[in-house]
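Remarks on the overall topology
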Amino acid sequence: RRYVSDPRVTPVLLRALSSDEPIIRAVAAPALGLQPSNVAAAQPFLEEALADERRTVRLGAVFSLLSVGVRRLDGELGERFERAKRDYVIRAATSPDHAPTQLELAMFRLQNRDLAFAAQAFEASLHLDPDQPDSVYFRALARLGQGREKEAREFLEDVGPKSPFHESAQALLKTLKRQE
């Protein structure tokens, strides 16, 4: 994750996604979603990974595809995509008391535009571990996407100065105030 902007990373991850070793593919699949500048190069490999024999690779691939903006695929590929999305949600449901898993589920739901479920998962994550600035900020985005602006504003105001999203939250609050 530290090397997101390094142009040498994507080709290495693409090769890793073709590895004979499942653990290497399982690490490469979700990491490709962190390489937004190379979406066109990564998408065919991620789509192929939706048919991987290992569920963990398929889950990483679907998360990456959503991360880079893919919302729908057609035909058999679309069926694999939807099946992997369902598997992702089912896997997360097995750990309702694990804050990081609930945060991942919330991000997944947000990227999939399931805003009500995303907000619920962010709230569950915060209930389990209140010290998660990501959850506070992204819960606000989910509420804003639902048209629940008043709640979103309150949540944005809760994004503390130590949060990596503080500046973004403040900028969004200013934008919302200008739109009044």
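Here the structure is a predicted model, which means the values were calculated and not measured.

**A few points about the overall build of the protein**
Scanning the protein from terminus to terminus reveals ten helices and zero strands. The linear arrangement of helices and strands in the protein, starting from the amino end, is α-α-α-α-α-α-α-α-α-α. Against the compact-globule benchmark of 16 Å for 180 residues, the protein has a radius of gyration of 17 Å, which places it among compact chains. Taken along its principal axes, the extent of the C-alpha atoms in the protein is 50 × 35 × 30 Å.

**Description of helix α3 (residues 39–49)**
For an α-helix the count is 3.6 residues per turn, leaving residues at separations of three or four pointing the same way. Three or more residues of α3 are buried, namely Ala42, Leu46, Glu47 and Ala49. Buried positions in α3, seen along its axis, are confined to an arc of 145° and lie on one side of it. Exposed residues lying more than 90 degrees from the buried face of α3 are Ala40 and Glu48. Here the buried face of α3 lies against α1 (9–17), α2 (22–32), α4 (55–67) and α5 (75–93).

**Digging into α5**
Counted at 1.5 Å a residue, the expected span for α5 with its 19 residues is 27 Å, and the 28 Å between its end C-alpha atoms agrees. Contact partners of the buried residues in α5: α4 and α6 (99–111).

**Overview of the environment of Ala119**
Secondary-structure assignment places Ala119 in helix α7 (residues 115–128). Each C-alpha atom of the pair Ala119 and Ala140 lies 8.0 Å from the other, and the pair is 21 residues apart in sequence. Once you skip the residues sitting within four places of it in the chain, Ala119 turns out to touch Arg139, Ala142, Arg143 and Gln146.

**A few points about the packing of α3 against α4**
The N-to-C vectors of α3 and α4 enclose an angle of 145°; their axes lie 8 Å apart at closest approach. Relative to α4, α3 is oriented so that their crossing is left-handed. For the pair formed by α3 and α4, the contact residues are Gln43, Leu46, Glu47 and Ala49 on the first element and Val57, Arg58, Ala61, Ser64 and Leu65 on the second. Looking at the contact of α3 with α4 residue by residue, the classes come out as five nonpolar, two polar and two charged.

Cut-offs used in this document
Residues numbered from 1 in each chain as written. Predicted model: local features only at pLDDT ≥ 70, side-chain atom pairs only at ≥ 80, totals over all residues. Heavy atoms only, no water. Helix = DSSP H or I, 4+ residues; strand = E, 2+ residues; numbered from the N terminus. Rg over C-alpha atoms; globule rule 2.2 N^0.38 Å. Buried < 20%, exposed > 50% of the residue type's maximum accessible area, 1.4 Å probe, protein only. Arc of directions from axis to C-beta. Contact = heavy atoms within 4.5 Å. Expected span 1.5 Å × (residues − 1). Axes fitted to C-alpha atoms, helices over the stretch in contact; angles between N-to-C directions. Left-handed = near helix turned anticlockwise from the far one by under 90°. Nonpolar A, V, L, I, M, F, W, Y, C, P; charged D, E, K, R; others polar.

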